[in-house]
Amino acid sequence: MTPPVKARSGHILLDPKRSYKDLVRVYPEIHKRVVEMNRPFVKESDPLLPDVLLDENLRDLKGDRKPVGYNRQDAFGLRLIFPIADERRAEFYFTKPARCQEVVQITEQVSGLLRRRGIKHIVEYDRLALGPPRGLPGMPPPGAVGFLPP
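Figured I'd write up the structure that's included with this text. (Residues numbered from 1 in each chain as written. Predicted model: local features only at pLDDT ≥ 70, side-chain atom pairs only at ≥ 80, totals over all residues. Heavy atoms only, no water.)

### A word on the overall build of the protein
- For the protein, the helix and strand inventory stands at three helices and four strands.
- Element-wise, carbon and sulfur atoms account for 55% of the exposed surface of the protein, whose accessible area totals about 9,500 Å². (Helix = DSSP H or I, 4+ residues; strand = E, 2+ residues; numbered from the N terminus. Areas by Shrake-Rupley, 256 points an atom, 1.4 Å probe, with all protein chains shown as cover.)

Right, dumping it as structure tokens:
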């Protein structure tokens, strides 16, 4: 399957026979790529944060637990999320607030890294259930019928 040009989220679902523990060897490289893509958004007051997050995530992966990922509250930063969605299958995804090429690029790079290490997985894009679009506060959502403001 050809990846899209832009996406809001890029999901990597490991083979059901795989677990979080299988990511221990490759996670430092994944973390490094996420940190590099977020370099413009890093605050000067958090110089040690990426190293601390890497240590915490590796500890969780070694214990075969779902790690925290890289979920910083930077407005335009790239996030690495390990969802709680399916306990039978290890999964993680990259996301940004808007559709962009960076999400597709890092998803494809990490997929290639996993393939080279023999970790079977599938890649999907834009699987997030974001809900219906919201309008301005006090205004009806787009497509609402029969709503009159007070």
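### Structural notes on the packing of helix α1 (residues 27-37) against helix α3 (residues 101-116)
- Two elements in contact, α1 and α3, have axes whose closest approach is 11 Å; the angle formed by their N-to-C orientations is 160°. In terms of their interaxial angle, α1 and α3 are classed as roughly antiparallel. α1 and α3 meet at a crossing whose hand is right-handed. Seen from α1, the contacting residues are E29, I30, R33, V34 and M37; seen from α3, they are E102, I106, Q109, V110 and L113.
- Within the contact of α1 with α3, the residues separate by chemical class into six nonpolar, one polar and three charged. (Axes fitted to C-alpha atoms, helices over the stretch in contact; angles between N-to-C directions. Parallel < 35°, antiparallel > 145°, perpendicular 65-115°, else oblique. Left-handed = near helix turned anticlockwise from the far one by under 90°. Contact = heavy atoms within 4.5 Å. Nonpolar A, V, L, I, M, F, W, Y, C, P; charged D, E, K, R; others polar.)

### Digging into a positive patch on the surface
- A surface patch of positive charge is lined by R25, R115, R116 and R117.
- Tracing the backbone through its elements, the reader meets R25 in the loop between β1 (7-14) and α1. (Patch = residues over 30% accessible without salt bridge, like charges linked within 9 Å, V, L, I, M, F, W, Y side chains within 5 Å. Salt bridge = Lys/Arg side-chain N within 4 Å of Asp/Glu carboxyl O. Lys, Arg positive; Asp, Glu negative; His and termini not counted. Charge placed at Lys NZ, Arg CZ, Asp CG, Glu CD.)

### With respect to α1
- Those residues of α1 that sit buried are Y27, I30, H31, V34 and V35. One side of α1 carries all its buried residues, which in axial view fall inside an arc of 135°.
- Those residues of α1 that are buried are in contact with α2 (49-62), β2 (79-81), β3 (91-100) and α3. (Buried < 20%, exposed > 50% of the residue type's maximum accessible area, 1.4 Å probe, protein only. Arc of directions from axis to C-beta.)

### A short note on the pattern of salt bridges
- All chains considered together, the criterion is met by six salt bridges.
- With a closest N to O distance of 3.7 Å, R18 and D22 form a salt bridge.
- On the accessibility criterion, D22 (26% relative accessible area) is partly exposed.
- When the shortest N-O distance is used, the salt bridge between D60 and R65 registers 3.2 Å.
- Since its relative accessible area comes to 40%, R65 is described here as partly exposed.

### Focus on unusual backbone geometry
- You will see that D64, though not glycine, has its phi angle at about 60°, which is positive.
- Mapping D64 onto the fold places it in the loop between α2 and β2.
- D64 sits in the partly exposed class, given a relative accessible area of 37%.
- Despite not being glycine, D126 shows a phi value in the positive range, around 50°.
- With relative accessibility at 32%, the residue D126 sits in the partly exposed group.

### Side note on the pairing of β3
- Most of β3 sits inside the fold, with seven of its 10 residues counted as buried.
- Two elements, β1 and β3, share six bridges in a ladder whose sense is antiparallel. Bridge pairing in β3 links A7 to C100.
- The pairing of β2 with β3 spans three bridges and is antiparallel. Within β3, the position partnered with R79 by the bridge is T95. (Pairing = 2+ DSSP bridges.)

### What to know about the side chain of N38
- Structurally, N38 is set in the loop between α1 and α2.
- Assessed through its relative accessible area of 0%, N38 is described here as buried.
- Engagement of the side chain of N38 in a polar contact is seen with the backbone nitrogen of L78, the distance being 2.7 Å.
- Excluding anything up to four places from it in sequence, N38 contacts Y70, G77 and L78. (Polar contact = N/O pair within 3.5 Å; in protein donor to acceptor, adjacent residues only side chain to side chain.)

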